[in-house]
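Results of the structural survey
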Amino acid sequence: MTSTISLDGFGVALGGGWPADHDGYGTPVAAVPATQPDHWLVYTDGRRDLLPVRRWHGPPEPAVESVAARCAGPTIDLGCGPGRLTRALAQRGLVALGVDISAEAVRLTQGRGVVALRRDVFAPLPGEGRWAHALLIDGNIGIGGDPVRLLRRCGALIAADGTLVVEVQPPGAGLWQGQAYVLSGSCGDRELRGPAFRWARVGAEAVARTAAAAGLRVADRFRFGGRWFAELARP
């Protein structure tokens with residue numbers, strides 16, 4: 001396997017090729033090497049977001065620690081990428097499982113000394129209906145391009161009194177569903193475009209109605225710096 005891309009990583013392969021493994025929904029999956037050039041997530045509506053690859057490969061940042069601090073029981077980290085959040089959970093003494101479709105992302109997570117499983121989020125997972133918390137951080141609410149379906153799936157993973165913590169876009173982003181691709185390259189280098197895949201964005205003002213359509217409610221909202229989060233629960 002050439003390199004990685006994760007459900008929160010996207011990315012390109014070393015040597016200019018693209019990874020062949022996908023999540024079954026058109027999403028490239030692995031953990032982009034931090035030494036690679038800049039990477040952008042480009043949407044078909046014209047928006048382009050710079051991907052914080054080095055942050056994903058680094059230690060847990062304060063915003064991620066704030067998410068981990070809200071967890072008080074067994075927690076499943078969906079689209080764990082290189083595993084910094086899974087590691088932060090384990091350091092707090094919690095039972096934590098990272099899940100990613102990328103074999104390399106799982107390897108990197110396990111390299112941090114925590115448990116990770118290579119699995120599609122829509123495939124059977126351990127402990128379904130018994131997790132105290134499920135997490136969708138770093139844009140992972142976009143997985144598959146259908147947030148309602150994804151949130152409904154995540155709701156089936158948590159216990160009756162469990163919660164789902166999702167990171168959303170700042171207010172004003174609304175709800176967008178469509179195609180996206182990863183564009184990679186440095187100044188002066190030839191840009192490399194990855195394959196298109198289905199993706200979504202959910203703004204802070206749209207998360208309540210999106211959650212309601214999935215049979216969930218917003219129990220709390222919080223932000224850290226410029227990042228916005230919502231904690232969802234059953235009605």
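Numbering of residues begins from 1 in every chain and follows the order in which that chain's sequence is written. For this predicted model, a pLDDT threshold of at least 70 governs which residues receive local features, and a threshold of 80 or more governs which side-chain atom pairs are given and counted, while totals over whole chains, interfaces and linings are taken from all residues. Heavy atoms throughout the structure, all of them, feed into the side-chain values; hydrogens and water do not.

1. Focus on unusual backbone geometry
The phi angle of most residues is negative, glycine excepted, and most peptide bonds adopt the trans form. The criterion, for reference: Only runs of H or I of at least four residues qualify as helices and only runs of E of at least two qualify as strands under DSSP, and these elements are numbered from the N terminus. Whether a residue is buried, partly exposed or exposed follows from its accessible area with a 1.4 Å probe, protein chains only, as a fraction of its type maximum: under 20%, in between, or over 50%, in that order.
Positive phi values are uncommon outside glycine, yet D138 reaches one of about 60°. The topology assignment puts D138 in the loop between β6 (131–136) and α5 (147–155). Residue D138 is classed as buried on the basis of its relative accessible area, which comes to 10%.

2. Quick notes on helix α2 (residues 62–69)
For an α-helix, 3.6 residues make a turn, and residues three or four places apart therefore share a direction. Here is the rule we go by: Only heavy atoms enter the contact rule, under which two residues are in contact if any of them lie within 4.5 Å.
Every buried residue of α2 is accounted for by A63, V64, S66, V67 and A68. Elements that come into contact with the buried residues of α2 comprise α3 (84–91), β6, β7 (158–168), β11 (217–224) and β12 (227–233).

3. Some remarks on α3
Regarding α3, the residues found buried are R84, L85, T86, A88 and L89. Directly after α3, the chain includes G93, whose backbone phi takes a positive value near 85°.

4. Observations concerning the sheet that holds strand β4 (residues 96–100)
Stated precisely, the cut-off is as follows: Strand pairing is defined by DSSP finding a minimum of two bridges between the two strands. Helix axes are fitted only over the stretch in contact, all axes being lines through C-alpha atoms; the angle between N-to-C directions runs from 0 to 180 degrees.
Across the sheet, seven strands lie side by side as β5-β4-β3-β6-β7-β12-β11; this open sheet has mixed pairing. The sheet is open, and its two borders are formed by β5 (115–118) and β11, each paired with just one other strand. Within the sheet, the average angular offset between the axes of one strand and its neighbour, ignoring direction, is 20°. In the packing of α3 onto the sheet, contacts are made with β3 (75–78), β4, β5, β6 and β12, and the angle to β4 comes to roughly 170°.

5. Structural notes on the pattern of salt bridges
Definition in use: Criterion for a salt bridge: a side-chain nitrogen of Lys or Arg within 4 Å of a carboxyl oxygen of Asp or Glu.
One pass over the full model with this rule turns up 14 salt bridges. Across the pair E61 and R55 runs a salt bridge, and its minimum N-O distance is 3.4 Å. The partner of E61 in a salt bridge is R84, and the shortest N-O contact between them spans 2.8 Å. Within this pair, whereas E61 is found in the loop between α1 (53–57) and α2, its partner R84 is found in helix α3, the two being separated by 23 residues in sequence. Under the relative-accessibility criterion, E61 is labelled buried at 12%. Judged by its relative accessible area of 2%, R84 falls in the buried class. It is possible to trace a salt-bridge network through shared partners that takes in R55, E61, R84, D138, E167 and R227.

6. With respect to the layout of surface pockets
Note the cut-off: Cavity means a closed set of points on a 1 Å grid over the protein atoms alone, one where a 1.4 Å probe fits but cannot get out, pocket means an open set with protein on both sides within 12 Å along at least 5 of 7 lines, and lining means a residue has an atom within 4 Å of a point. Grid points are joined across faces, edges and corners, and a volume is the space filled by probe spheres set on the points. Each residue is assigned to one class: nonpolar for Ala, Val, Leu, Ile, Met, Phe, Trp, Tyr, Cys and Pro, charged for Asp, Glu, Lys and Arg, and polar for all the others, Gly among them.
When its volume is computed, the largest pocket comes out at roughly 440 Å³. Together, 25 residues line the largest pocket, and D49, D138, G139, E167 and Q169 are the ones closest to its centre. Contributing elements (two or more residues each) for the lining of the largest pocket: β1 (39–43), β2 (48–50), α1, β7, β10 (197–202) and β12. The element that contributes the greatest number of residues to the lining of the largest pocket is β10, accounting for four residues. When the residues that make up the lining of the largest pocket are grouped by side-chain class, the tally is 14 nonpolar, four polar and seven charged.

7. Digging into the pairing of β12
The buried fraction of β12 amounts to six of the seven residues, a majority that puts the element mostly inside the structure. Note that β7 and β12 share six bridges and pair antiparallel. Among the inter-strand pairings, E167 is bridged to a residue of β12, identified as F229. Relative to β12, β11 runs antiparallel, the two sharing seven bridges. Across the sheet, residue V218 finds its bridge partner in β12, namely L232. The antiparallel pairing of β11 with β12 creates a hairpin that spans two residues between the two strands, and G225 there sits at a positive phi of about 65°.

8. A closer look at the nonpolar core
Selection criterion: For the purposes of this section, nonpolar cores are sets of buried Ala, Val, Leu, Ile, Met, Phe, Trp, Tyr and Cys residues that join through side-chain atoms within 4.5 Å.
Counting residues in hydrophobic clusters, the biggest one holds 39 residues, and the most contacted among them are L78, L151, L164, V166 and L232. For L232, the residues in contact, after removing those within four places along its chain, are L151, G162, T163, L164, V166, V207, A211, L216, R217, V218 and A219. Grouped together as the second largest cluster of nonpolar side chains are 15 residues, A68, L89, V165 and F222 included.

9. Overview of the confidence of the model for the chain
What counts here: Scored from 0 to 100, pLDDT reflects the predictor's confidence in each residue.
Chain-level statistics for the chain give a pLDDT mean of 85 and a share of 83% at 70 or above. Across residues 1–32, where pLDDT falls below 50, the model places 137 contacts with residues more than four positions away in sequence or in other chains.

10. Considering the side chain of S184
Quick note on the threshold: Two N or O atoms count as a polar contact when they lie within 3.5 Å, although within protein this holds only if one can serve as hydrogen donor and the other as acceptor, and sequence-adjacent residues are included solely when both atoms are side-chain atoms.
By the secondary structure assignment, S184 is in strand β8 (residues 175–184). Here H39 takes part through its side chain, which lies 2.6 Å from a polar atom of the side chain of S184.

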